[in-house]
Amino acid sequence: MQQKTVFISMPETTRQVSPSREASSPVAVSLAGVSRHFDAVKAVDKVDLTVHEGEFFGMLGPSGSGKTTCLRLVAGFEQPTAGNIIIFGERVDGVPPYRRSVNTVFQDYALFPHMNVVDNVAYGLMIRGVGKKERRRQAEEMLELVRLSEFVHREPGQLSGGQRQRVALARALINRPKVLLLDEPLGALDLKLREQMQVELKSLQRELGITFVFVTHDQGEALSMSDRVAVFNEGRVVQVGSPVDIYERPETRFVADFVGSSNILEPAFCERIGAPSGLWSLRPEKIRLVPEGLTDEADTITVTGEVRHVQYQGATRRCVLAVKGAELALAVPAVGVEPVVGRMAHARWHLDDMHGMKHV
Amino acid sequence: MRFNRSGAPRRLKLAAIAGLLFLHLPLVLIFLYAFTTEEKSYQFPPPGYTLKWFSVAWERQDIWDAFMLSLKIACIATGAAIVLGTLAAAAVARTRFFGREALSLLIILPIALPGVVTGIALRSAFDIASIPFSFWTIVLGHATFCVVVVYNNAVARLRRTSPSLLEASLDLGANSFQTFRHVLLPNLATALLAGGMLAFALSFDEVIVTTFTAGQQETLPIWMLSELVRPRQRPVTNVVAVFVVIITFLPILMAYYFTRGSETIAGQGK
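Calculation criteria
Residues numbered from 1 in each chain as written. Chains lettered and ligands numbered in written order. Predicted model: local features only at pLDDT ≥ 70, side-chain atom pairs only at ≥ 80, totals over all residues. Heavy atoms only, no water. Helix = DSSP H or I, 4+ residues; strand = E, 2+ residues; numbered from the N terminus. Buried < 20%, exposed > 50% of the residue type's maximum accessible area, 1.4 Å probe, protein only. Contact = heavy atoms within 4.5 Å. UniProt positions renumbered as here; feature names shortened; annotations may be inferred. Buried area = accessible area lost by both parts, 1.4 Å probe. Salt bridge = Lys/Arg side-chain N within 4 Å of Asp/Glu carboxyl O. Polar contact = N/O pair within 3.5 Å; in protein donor to acceptor, adjacent residues only side chain to side chain. Nonpolar A, V, L, I, M, F, W, Y, C, P; charged D, E, K, R; others polar. pLDDT = per-residue confidence, 0-100. Expected span 1.5 Å × (residues − 1). Bend = angle between axes of the 7 residues up to and from the residue. Pairing = 2+ DSSP bridges.

## Section: the side chain of Asp45 of chain A
Residue and element names in this part refer to chain A.
And step 1. Within the secondary structure, Asp45 is located in strand E2 (residues 41-52).
And step 2. We classify Asp45 as buried; its relative accessible area is 5%.
And step 3. Here Asp45 is in contact with Val34, Ser35, His37, Gly235 and Arg236, once residues within four sequence places are set aside.

See the structure below:
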């Protein structure tokens with residue numbers, strides 16, 4: 001093992017705007033120093049966020065991290081105890097939900113049980129006094145958009161979870177909101193349907209060009225659907241960035257851990273294995289197993305350790321290697337060197353795949 | 001011991017049948033004596049059968065007066081109960097405040113209290129406040145327990161109604177009043193109707209609280225009570241009893257049908 005003198009740049013801490021969305025695109029929603037405290041509980045604490053127009057924005061975090069409260073603040077169901085929320089240039093302090101140009105898809109869909117599908121969808125238009133014929137026509141049009149035309153006269157109770165969600169979506173979109181808020185939109189669906197709805201939501205958003213803000217605790221969902229993701233923890237936003245930023249370049253231990261499982265290389269461990277000193281995150285799939293005696297490559301670190309566990313997962317194997325007082329998690333492809341529990345194995349990764357984190 | 005479906009021991013079956021007969025045979029006798037030709041005493045079996053008591057009852061103005069009074073009181077007490085019970089239920093089910101559980105208990109208390117206690121309490125309260133006993137004191141007395149049934153029905157429905165329904169309505173542009181009118185009320189409607197019918201039935205045949213809160217007014221049940229001591233035209237009382245049973249039983253039956261299977265109405269539609 002030899003020490004490489006490679007300079008690895010720490011990621012800038014202000015990676016707020018993803019390459020795909022220029023900072024110049026108009027701001028849809030902005031939160032400035034927004035807090036929502038329930039007595040001693042700081043559900044949302046000094047959050048700054050900017051969502052751009054036409055963006056598919058994900059709010060990711062464990063339960064109780066404040067992401068749903070944040071969504072409810074934008075919707076107007078909660079009022080901030082401090083800070084400002086601006087929706088398309090308008091400060092919304094004290095503006096009730098029914099006068100905001102945002103609509104919400106609720107986690108439990110919240111379809112009105114005493115109305116059939118088409119009346120549910122037409123509800124917003126009915127409130128605005130649109131005539132019966134016209135609102136039915138628009139509702140049916142909207143139901144066509146979410147591919148539910150044949151269910152117009154059903155009762156919500158007769159629909160499956162996925163169908164109910166489409167109705168909720170149509171009901172929110174018929175009001176032509178400037179921002180659509182989705183609270184755990186796929187949480188109640190089974191895996192297959194979830195994957196299908198991910199694709200559909202994404203294409204619907206592209207088609208309509210409406211800003212979507214959605215809340216999820218599922219990192220896979222957040223990464224695959226969002227243009228940008230805000231990661232929440234304990235009422236605060238800990239990192240905002242593109243899915244690639246969040247996954248490849250986590251800034252804190254929490255993000256590295258929560259968004260996919262990451263190896264966290266402590267400074268003391270780095271010293272022992274001859275890696276540049278610092279606090280680093282390293283994704284399991286970036287580590288390769290190499291045969292013994294393979295010549296060193298430039299800018300790589302190679303370590304040797306005993307294989308502790310191997311878990312077969314189809315396309316990959318998860319395995320844990322005990323290296324110099326720490327454990328390294330690896331995701332090794334089905335081809336190549338096969339890890340055997342109890343034997344020694346050699347693991348190698350590129351220095352570029354180590355990402356520096358803040359010391360928190 | 002047998003465990004198949006029809007396998008209740010014979011003695012248990014007999015006991016059950018005896019129990020049911022004990023409960024309902026007197027009721028059958030009331031119906032039977034509405035048709036007897038003997039008007040002074042209850043002979044068994046009745047010496048003969050006639051329908052004439054129905055026409056006699058129809059002609060009697062005092063029965064009509066009592067009937068109309070009972071009807072008015074039941075309607076007004078029920079109306080008041082629906083308004084007050086719904087408001088109380090909304091407060092208890094939708095908000096959290098200090099003493100909420102205690103308040104809930106206090107609302108339900110009148111139905112657990114013996115009617116005599118409620119009656120005496122109200123009577124002395126009216127006395128102290130120098131409120132003369134009248135039609136309205138009877139309505140007030142009845143409202144105390146009518147509120148309870150409406151409240152119970154409404155609170156159960158509200159607890160099963162997802163709070164996000166109301167938020168969804170606000171979110172879709174409806175203000176609080178429109179939300180109440182288009183979402184909350186339709187969801188509560190059957191519960192309120194059921195509660196209202198039960199309240200009506202309770203009020204219509206109430207005797208105890210009425211005796212304490214009435215002045216000179218005679219409601220139908222009170223009229224029946226006073227009629228029992230009179231030896232003449234006894235079957236007329238039975239005829240009235242038959243109608244009271246029908247008038248109170250139908251609303252209760254309807255209330256049962258309104259609330260049956262309402263989980264699918266008020267819940268999230270699962």
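## Here's the deal with the UniProt feature "transmembrane region" (unreviewed entry) in chain B
And step 1. As recorded in UniProt, the sites labelled "transmembrane region" (unreviewed entry) are residues 12-35, 66-90, 102-122, 128-151, 184-204 and 236-258 of chain B.
And step 2. Regarding residues 236-258 of chain B, the helix share stands at 100% and the strand share at 0%, and the terminal C-alpha atoms are separated by 34 Å.

## Here we look at the interface of chain B and chain A
And step 1. Taken together, the contact between chain B and chain A spans 24 residues of the former and 26 residues of the latter.
And step 2. With both chains or domains summed, chain B and chain A bury close to 2000 Å², and 58% of this area falls on carbon and sulfur atoms.
And step 3. Of all residues in chain B, Glu167, Asp171 and Leu172 of chain B bury the most surface against chain A, accounting for 34% of the area lost on that side.
And step 4. Taken together, the links from chain B to chain A amount to one salt bridge.
And step 5. With its nearest N and O atoms 2.7 Å apart, the salt bridge here joins Glu167 of chain B to Arg72 of chain A.
And step 6. At the surface where chain B touches chain A, the tally comes to nine residue pairs in polar contact (both at pLDDT 80 or more).
And step 7. Split into classes, the residues belonging to the side of chain B that touches chain A amount to eight nonpolar, 13 polar and three charged.

## Concerning the confidence of the model for chain B
And step 1. Of all residues in chain B, 93% attain a pLDDT of 70 or more, and the chain-wide mean is 86.
And step 2. For residues 263-270 of chain B, every residue scores under 50 in pLDDT, and the model assigns this stretch 18 contacts once sequence neighbours within four places are set aside.

## Here we look at helix H8 (residues 176-204) of chain B
Residue and element names in this part refer to chain B.
And step 1. Given a rise of 1.5 Å per residue, 29 residues ought to cover 42 Å, yet the end C-alpha atoms of H8 are separated by just 36 Å, more than 12% below that figure.
And step 2. Along H8, the helix axis deviates most sharply at Leu185, where the bend reaches about 50°; the proline Pro186 sits within four residues downstream.
And step 3. With a side-chain oxygen lying 3.2 Å from the backbone nitrogen of Phe177, the N-terminal cap of H8 falls on Asn175.

## Things to note about the pairing of strand E14 (residues 300-312) of chain A
Residue and element names in this part refer to chain A.
And step 1. Here E14 pairs with strand E17 (residues 344-350) via seven bridges, running antiparallel. If you follow Val303 over to E17, its bridge partner there is Ala347.
And step 2. By the bridge criterion, six bridges tie E14 to strand E15 (residues 316-323) in an arrangement that is antiparallel. Note on E15: the bridge partner recorded for Glu306 is Ala322.
And step 3. Joining the antiparallel neighbours E14 and E15 is a turn of three residues, in which Gly314 adopts a positive phi near 85°.

## Here we look at unusual backbone geometry
Residues and elements named next belong to chain A.
And step 1. Even without a glycine there, the phi angle at Ala110 is positive, about 50°.
And step 2. Tracing the sequence through the fold places Ala110 in the loop between strand E6 (102-105) and helix H2 (117-121).
And step 3. Positive phi, normally seen in glycine, also occurs at Glu184, with a value near 45°.
And step 4. Here Glu184 is to be found in the loop between strand E7 (179-183) and helix H6 (191-208).
And step 5. Classification of Glu184 as buried rests on a relative accessible area of 7%.

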